[in-house]
Amino acid sequence: MKLFRMLGRSIRDAIKSVIRNFSLSLASISCITITLIIVAIAIIASYNVQNFTKEIERDMTIVVFLENNIEQEDIDDVEKELKSIPNVEKYTFQSKQEVKKQMQEESDVFNTVLENWDDEESPLKDTFQVKVRNVEKLSNTAKKIEKVDHVSVVRYGSGMVDKMVKAFNSVEKVTFGIVIALVLVTVFLIINTIKLTISARRREISIMRLVGASNFTIKTPFIIEGMILGIFGSIVPILITTYGYLAFYRHFEGHLYSQLIELIKPEPFIYQISGIVLLIGIIVGMIGSSSAVRKYLKV
Amino acid sequence: MDLIRMKNVEKKYKNGVTAIYDLNLAIEKGSFVFVIGGSGSGKSTLIKMLYREEKPTKGQVIVGGLDVAKLKNKKVYKLRRKLGIVFQDYRLLPKQTVYENVAFALECIGEKKDVIRTKVLKALEDVGLKNKVHNYPDQLSGGEQQRVAIARAIVNDPKLLLCDEPTGNLDPEKSLEIMKVLEDINKMRGTTIIMATHDKEIVNKMKKQVITLKDGHLVKFKQKGTYVE
Ligand SMILES: Nc1ncnc2c1ncn2[C@@H]1O[C@H](COP(=O)(O)OP(=O)(O)O)[C@@H](O)[C@H]1O
Ligand SMILES: [Mg+2]
C-alpha cells in the first residue's frame with residue numbers, strides 16, 4: 001500500500017517534470033523514437049530472413065547432372081548409388097527431353113533456341129533431383145554424389161541462400177553499430193534531461209532529506225521520469241511497426257519476389273515486436289536516468 | 001533519561017578548521033536548551049552533528065540511543081524521522097500552499113492521506129496558523145513562514161526539535177511569538193528542543209538551560225542560564 005502511494009506520487013512528479021522541461025524531454029523522446037524505429041525494422045528484417053532461410057533450406061534440392069550421352073545401364077548404377085546414401089530422402093529422374101520440354105514451356109526465348117537442337121547436340125543433361133533428410137549435411141551429401149561414376153556436375157541452391165544470408169549479416173552488423181551509437185546519444189540526452197530536473201528540484205530534494213525520505217523515495221521519481229521518456233519514445237515506433245508491417249504484408253500478399261520467400265504472419269508477430277520495442281525504450285530510459293541520479297544526486 | 005549524549009566529540013573540517021574541540025555533554029529528555037556563542041563559535045556545527053549532516057572526526061554522538069557517528073549514509077533517514085529541524089531561512093517550497101508544505105514531510109515518508117490530514121491540521125493549529133492553510137509562502141510574513149516551517153518540523157511528532165537561529169531573520173516582536181510557539185511545543189508535546197541563537201534578549205527572558213560555546217570549546221552548561229559574553 002505504502003509502496004503504491006509512493007509510486008503514484010513519483011509518477012505524478014515525473015510527468016510534471018517531463019512537461020516542465022519540455023524541449024529537452026522532446027529531444028530525448030525524439031532520439032529514442034529514431035533509435036527504436038531502426039531497432040524495430042532491424043528486428044523485423046532479421047526475424048524474416050531467419051524465417052525464410054529456414055523455409056528455403058527445408059525444400060532444398062540437389063540437382064545431379066549426368067554425363068552426356070549416358071546409357072540407361074549407367075543411369076541405373078547412379079540410381080543404386082543414390083539409394084545407398086543414407087541422407088538421401090527421395091530422388092526423381094528427369095531425362096534431357098523432359099528438361100527441354102519443361103524449359104520450353106517456361107519461356108518463349110528458350111523455346112526458339114531449344115527448337116533447333118536435336119538430342120545428340122543438346123547441351124542439356126539427364127538429371128536426378130535429390131531431396132535430403134538433413135539439410136545441414138547438404139554439402140557433404142552433394143560431395144559424395146559428385147564422386148559417383150557418370151555424374152558430371154552437382155548443383156544445390158545454397159549459393160544463393162549463402163550469399164543472401166551473408167549480405168544480410170553485414171547489413172545487420174552496420175545496423176547494430178548505428179543502433180549502439182544512437183543508444184549512446186539517447187542515454188546522453190536523457191542524462192541531461194534528468195540533470196535539469198534534479199537541479200530544478202534541488203530545494204525539494206534537500207527538504208526531502210531533512211524530513212527523512214529514504215534514498216529510494218528520493219531516487220524513484222527521477223528513474224520513473226527516464227522510464228516515461230522511454231515509454232513516450234516507443235509510441236511512434238510501435239505504431240509504425242504495427243501498421244507498417246501490416247501494410248507491407250498485405251501489399252506483398254505475404255510473399256517477397258516469389259513463393260519461395262514467405263513473410264512472417266503479422267499476428268502475433270507485431271505484438272511481440274511492439275513488446276520488445278517498448279521494453280528496450282523503458283530500459284534505455286532507465287539506464288539514462290539511473291546514471292544521472294548516480295552522477296548528480298548524491299544519495 | 002538522557003536523549004542526547006556527546007563524548008569527546010571533535011569536528012575538524014576538511015579545510016583544516018576545527019569547529020568543535022573535545023565536547024562532552026548530556027541533554028535530558030523534555031528539556032529546552034539554548035546553544036549560544038559568537039559567530040563562528042561552532043553552534044551550527046554542533047546542531048549539524050546531531051542530525052548527521054556532519055560526522056564528528058572523533059568521539060561519540062548518541063541521539064535517542066542511536067550512535068549517529070556510526071550511522072551509514074543510507075540509514076540517515078531513520079534518524080531524520082525521529083527529529084524535526086528548523087532553519088533561519090525557513091526552507092519552504094514556494095509553489096506549494098501552507099498545507100502542502102507541511103503535508104510534504106509526511107508524504108515523503110509514505111503516510112496515508114487521512115493520517116496526513118489530521119496531523120497537518122493539528123500541527124498548524126499548534127503554531128497558530130489554522131486560518132492560513134491555503135495561502136502560499138509569499139503571502140505570509142516572515143514570522144508566519146517560520147511557523148509553517150516549525151509545523152512541518154513537528155508534524156511527525158519528533159522526540160527532538162533542532163533550531164538553528166530560527167529568529168535570525170525576524171524583528172524582536174515576531175521573535176518572541178516564535179519563542180512562545182516553541183515553548184508551547186516543549187510543554188504540550190514534551191518535545192526536547194535545542195536552539196542555537198545569538199539573541200541575548202531571548203535567552204535572558206526565557207530562563208532555559210544554556211550551553212555556551214567559544215571558538216569551538218564548551219565554556220558553560222547552566223540551568224536557567226543567561227547570555228554572558
Ligand atoms: N562546511 C564547512 N567547511 C569548512 N569550515 C566550516 C564549514 N562550516 C563551518 N566551518 C567553520 O567552522 C567554524 C564554526 O562554524 P559554525 O559552526 O557555522 O559556527 P556558528 O554557527 O556558531 O556561527 C567556523 O570557523 C567556520 O568557518
Ligand atoms: Mg550558524
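Before reading on, note that the structure itself is shown above.
None of these values were measured; they are calculated from a predicted model. (Residues numbered from 1 in each chain as written. Chains lettered and ligands numbered in written order. Predicted model: local features only at pLDDT ≥ 70, side-chain atom pairs only at ≥ 80, totals over all residues. Heavy atoms only, no water.)

Caption draft 1: Quick peek at the interface of chain B and chain A. Taken residue by residue, the interface counts 21 residues in chain B and 16 residues in chain A. Counting each side, the surface lost to burial between chain B and chain A is near 1700 Å², with a carbon and sulfur contribution of 59%. Taken together, the connections running from chain B to chain A amount to one salt bridge. A salt bridge links B:Glu107 to A:Arg9, with the nearest nitrogen and oxygen atoms 3.1 Å apart. Connecting chain B to chain A are six residue pairs in polar contact (both at pLDDT 80 or more). Broken down by secondary-structure element, the contributors of at least two residues to the side of chain B that touches chain A are helix H2 (76-80), strand S6 (83-87) and helix H3 (98-107) of chain B. The residue inventory of the side of chain B that touches chain A, partitioned by class, reads eleven nonpolar, one polar and nine charged. (Contact = heavy atoms within 4.5 Å. Buried area = accessible area lost by both parts, 1.4 Å probe. Salt bridge = Lys/Arg side-chain N within 4 Å of Asp/Glu carboxyl O. Polar contact = N/O pair within 3.5 Å; in protein donor to acceptor, adjacent residues only side chain to side chain. Helix = DSSP H or I, 4+ residues; strand = E, 2+ residues; numbered from the N terminus. Nonpolar A, V, L, I, M, F, W, Y, C, P; charged D, E, K, R; others polar.)

Caption draft 2: Local environment of the site of ligand 1. Residues and elements named next belong to chain B. Lining the immediate surroundings of ligand 1 are Tyr13, Asn15, Val17, Ala19, Gly38, Ser39, Gly40, Ser41, Gly42, Lys43, Ser44 and Thr45. Between an oxygen atom of ligand 1 and a main-chain N or O atom of glycine 40, the distance comes to 2.7 Å. Interatomic distance of 2.5 Å between a side-chain N/O atom of threonine 45 and an oxygen atom of ligand 1. For ligand 1, whose unbound accessible area comes to 560 Å², protein coverage reaches 65%. For the shell around ligand 1, the leading source of residues is helix H1 (residues 43-50), giving three residues. Class assignment for the residues of the shell around ligand 1 results in three nonpolar, eight polar and one charged. (Near = heavy atom within 4 Å. Areas by Shrake-Rupley, 256 points an atom, 1.4 Å probe, with all protein chains shown as cover.)

Caption draft 3: Examining the pairing of strand S1 (residues 2-12) of chain B more closely. Residues and elements named next belong to chain B. Two elements, S1 and strand S2 (residues 18-28), share seven bridges in a ladder whose sense is antiparallel. When the bridges of S2 are listed, methionine 6 appears paired with leucine 25. Between the end of S1 and the start of S2, which pair antiparallel, lie five residues, with glycine 16 showing a positive phi angle near 100 degrees. Strand direction decides the pairing type here: S1 and strand S4 (residues 58-63), joined by five bridges, are antiparallel. Bridging across to S4, arginine 5 finds its partner in isoleucine 62. (Pairing = 2+ DSSP bridges.)

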